[in-house]
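These are the residues of each chain, in order.
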Amino acid sequence: MKVVMVDGPGSTATMEVDRPETGPRDVLVRMRACGICGSDGLYIKVGGIPPRQGATPLGHEPAGEIAEVGALVEGLSVGDHVVIDTMAASDGLIGSGGAQGGLSEYLLIRDAEVGRHLVTVPPHIPWAVAALNEPMAVARHAVNRTAPKSGDRVVVFGAGPIGLGAAIGYKLRGAHVIVVDIVPNRLAKALLVGADAVIDSSREDTAARIVELHGEATSGFTRGVRAGTDIYLDAAGVPAVIATVSDIAKHGATLGVVAVHKAPVPVDLGALLTTELTVVLAMGYPTEIFEVTGDIVANWERYAHIVSDTVPFAEVERALALATTPGAAEKVVVTFG
């Protein structure tokens, strides 16, 4: 079978390897789609994924169809459509340093258990949408960390895949959601997935617009104009987000950070003291990998807007180049025939 590997700094190759043999407790999954994540670009740039180096399999956003089922496996059948927890495999993190990657024709799930390693999805869900399960679990964890309630007012900074997934998650919890970005296409998608309003921070006074949309709040010792926003989520990873929230956060607001900041961000804790701002960080998906699956199934047409490009596996090098070129695409999913 064919497998996409990082084979050196800045280099990938599609290699031929033996197709895994299915044991009595295993299932073999034929890949049907696999998303490309920003971290894949980092793995390619540095030439591997610690602890592995050299020929490292890529792809950790898979969806596929069961091709073989071991005799002792329960609850799964050949032909079932499944999404996979890439962090639960016994041979390491799939596509993130383990022995297998989702950008391959087959994955072997050893000692397969429904609800632990994989779950089924209905056949009417498009493969590219099913492949969003892993990144949407990241987005759902960020939403969960901020503990939204129905009626909360939320601002999501960044309308990439995680920000859009979070916006959907907040809307499903009954929140009023504003999405902030600088790319018109991303803002248009935010409205398509259900955001109540969008702000182009390259053209508008972001703080003033948030106050206009969420109202003004005054409480405690907090001074200055403060927005009525209950929750802010940083899915952008730029210092301006933290500065804006610091300037307008009301007393008792929450700031969640799911974005990766590549450099230290200065924060004036003295100025924030009177706000009693709660700051929470979100990474990965400790419990959300299959929690989000039901929402994707129920709202798949909304989630489908997040996928910007589908590229066949035969053109995987083009897909990787597209996904790792800033501004070239929003969410690239590789599909398998």
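Residues numbered from 1 in each chain as written. Predicted model: local features only at pLDDT ≥ 70, side-chain atom pairs only at ≥ 80, totals over all residues. Heavy atoms only, no water.

Peer 1: Before we go on, may I ask you to explain the sheet that holds strand 16 (residues 231–234) in this structure?
Peer 2: Hydrogen bonds between backbone groups are what pair the strands of a sheet, and the pairing can be parallel or antiparallel. An order of 13-12-11-16-17-18 is seen for the six strands of this open sheet, with the pairing classed as parallel. Looking at the sheet topology across the chains shown, the edges are occupied by strand 13 (197–200) and strand 18 (278–281). Taken pair by pair, the neighbouring strands of this sheet meet at an average axis angle of 20°, ignoring direction. With four bridges connecting them, strand 11 (residues 153–157) and strand 16 associate as parallel partners. Counted as the bridge partner of Phe157 is Asp234 from strand 16. Its contacts with the sheet put helix 7 (residues 239–248) on strand 11, strand 16 and strand 17 (254–257), and the angle it makes with strand 16 is roughly 170°. (Pairing = 2+ DSSP bridges. Helix = DSSP H or I, 4+ residues; strand = E, 2+ residues; numbered from the N terminus. Axes fitted to C-alpha atoms, helices over the stretch in contact; angles between N-to-C directions. Contact = heavy atoms within 4.5 Å.)

Peer 1: Explanation requested: the packing of aromatic side chains in the structure shown.
Peer 2: A ring pair, where both rings are aromatic, is described by two values, the distance of the centres and the angle of the planes. Enumeration over the complete set of coordinates arrives at two aromatic pairs. Where Phe157 meets Tyr232, the ring centres are 6.5 Å apart and the plane angle is 25°; that geometry is what we call stacked. Residue Phe157 is found in strand 11, and its partner Tyr232 is found in strand 16; the two are separated by 75 residues along the sequence. As far as burial versus exposure is concerned, Phe157 and Tyr232 are alike and both buried. Taking 4.5 Å as the distance between ring centres and 25° as the angle between the ring planes, the aromatic pair formed by Phe313 and Phe336 counts as stacked. Of the two residues, Phe313 sits in the loop between strand 19 (309–312) and helix 11 (316–323) while Phe336 sits in the segment after strand 20 (332–335), which places them 23 residues apart along the sequence. (Phe/Tyr/Trp six-rings, centres within 6.5 Å; stacked < 30°, edge-to-face > 60°. Buried < 20%, exposed > 50% of the residue type's maximum accessible area, 1.4 Å probe, protein only.)

Peer 1: Please explain the pattern of salt bridges as it appears in this structure.
Peer 2: Side-chain pairing between opposite charges can occur once the charged atoms of the two side chains come close. Going through the model one piece at a time under the given rule, you end up with 18 salt bridges. A salt bridge links Glu65 to Arg32; its shortest N-O distance comes to 2.7 Å. Of this pair, Glu65 sits in strand 7 (residues 62–69) while Arg32 sits in strand 3 (residues 27–35), and the two are 33 residues apart along the sequence. The class for Glu65 is partly exposed, based on a relative accessible area of 21%. Here Glu315 ties to Arg318 by a salt bridge, and the two come within 2.8 Å at their closest N and O atoms. Within this structure, Arg140, Glu291 and Asp295 form a network of salt bridges that share partners. (Salt bridge = Lys/Arg side-chain N within 4 Å of Asp/Glu carboxyl O.)

Peer 1: Could you clarify how one ought to interpret helix 4 (residues 161–172) in this entry?
Peer 2: Two residues of an α-helix separated by three or four positions point the same way, owing to the 3.6 residues in each turn. With 12 residues, helix 4 ought to run about 16 Å at 1.5 Å a step, and its terminal C-alpha atoms sit 17 Å apart, in line with that. Burial analysis of helix 4 places nine of its 12 residues in the buried class, the great majority of the element. Of all the positions in helix 4, only Pro161, Gly163, Leu164, Gly165, Ala166, Ala167, Ile168, Gly169 and Tyr170 are classed as buried. Those residues of helix 4 hidden inside the fold are in contact with helix 3 (133–146), strand 11, strand 12 (176–181), helix 5 (184–192), strand 16 and helix 10 (300–303). In the stretch just after helix 4, Gly174 is the one whose phi turns positive, near 90°. (Expected span 1.5 Å × (residues − 1).)

Peer 1: When you look at the side chain of His60 in this model, what are you seeing that I'm missing?
Peer 2: Relative to the elements of secondary structure, His60 occurs in the loop between strand 6 (56–57) and strand 7. In contact with His60, other than residues within four places in its own chain, are Cys34, Cys37, Ser39, Asp40, Thr86, Ile94, Gly95, Ser96 and Glu134.

Peer 1: Is there a simple way to think about the nonpolar core in this case?
Peer 2: Within soluble globular proteins, side chains that are nonpolar generally end up buried alongside one another. Ranked by size, the top nonpolar core spans 45 residues in total, and within it Tyr170, Val177, Val179 and Tyr303 carry the most contacts. Residue assignment for this core shows that the elements contributing at least two residues are helix 2 (127–130), helix 3, strand 11, helix 4, strand 12 and strand 16. A total of six residues in this core trace back to one element, the largest contributor, which is helix 3. Those residues in contact with Val179 that lie beyond four places of it in its chain are Val156, Ala159, Ala167, Leu187, Ala190, Ala195, Ala197, Val198 and Ile199. In this structure, Met31, Ile36, Ile84 and Phe336 belong to the second largest nonpolar core, which totals 32 residues. (Core = buried A, V, L, I, M, F, W, Y, C linked by side-chain atoms within 4.5 Å.)

Peer 1: Just checking my understanding: could you explain the pairing of strand 1 (residues 2–8) for this structure?
Peer 2: Along any regular strand the residues' side chains alternate between the sheet's two faces. Of all seven residues in strand 1, five are buried; the element is thus mostly enclosed. Hairpin connection of strand 1 to strand 2 (residues 11–16): two residues between the antiparallel strands, including Gly10 at a positive phi of 75°. Sheet analysis places strand 1 next to strand 6, joined by two bridges and oriented antiparallel. When the sheet's bridge partners are listed, Val6 is paired in strand 6 with Thr56.

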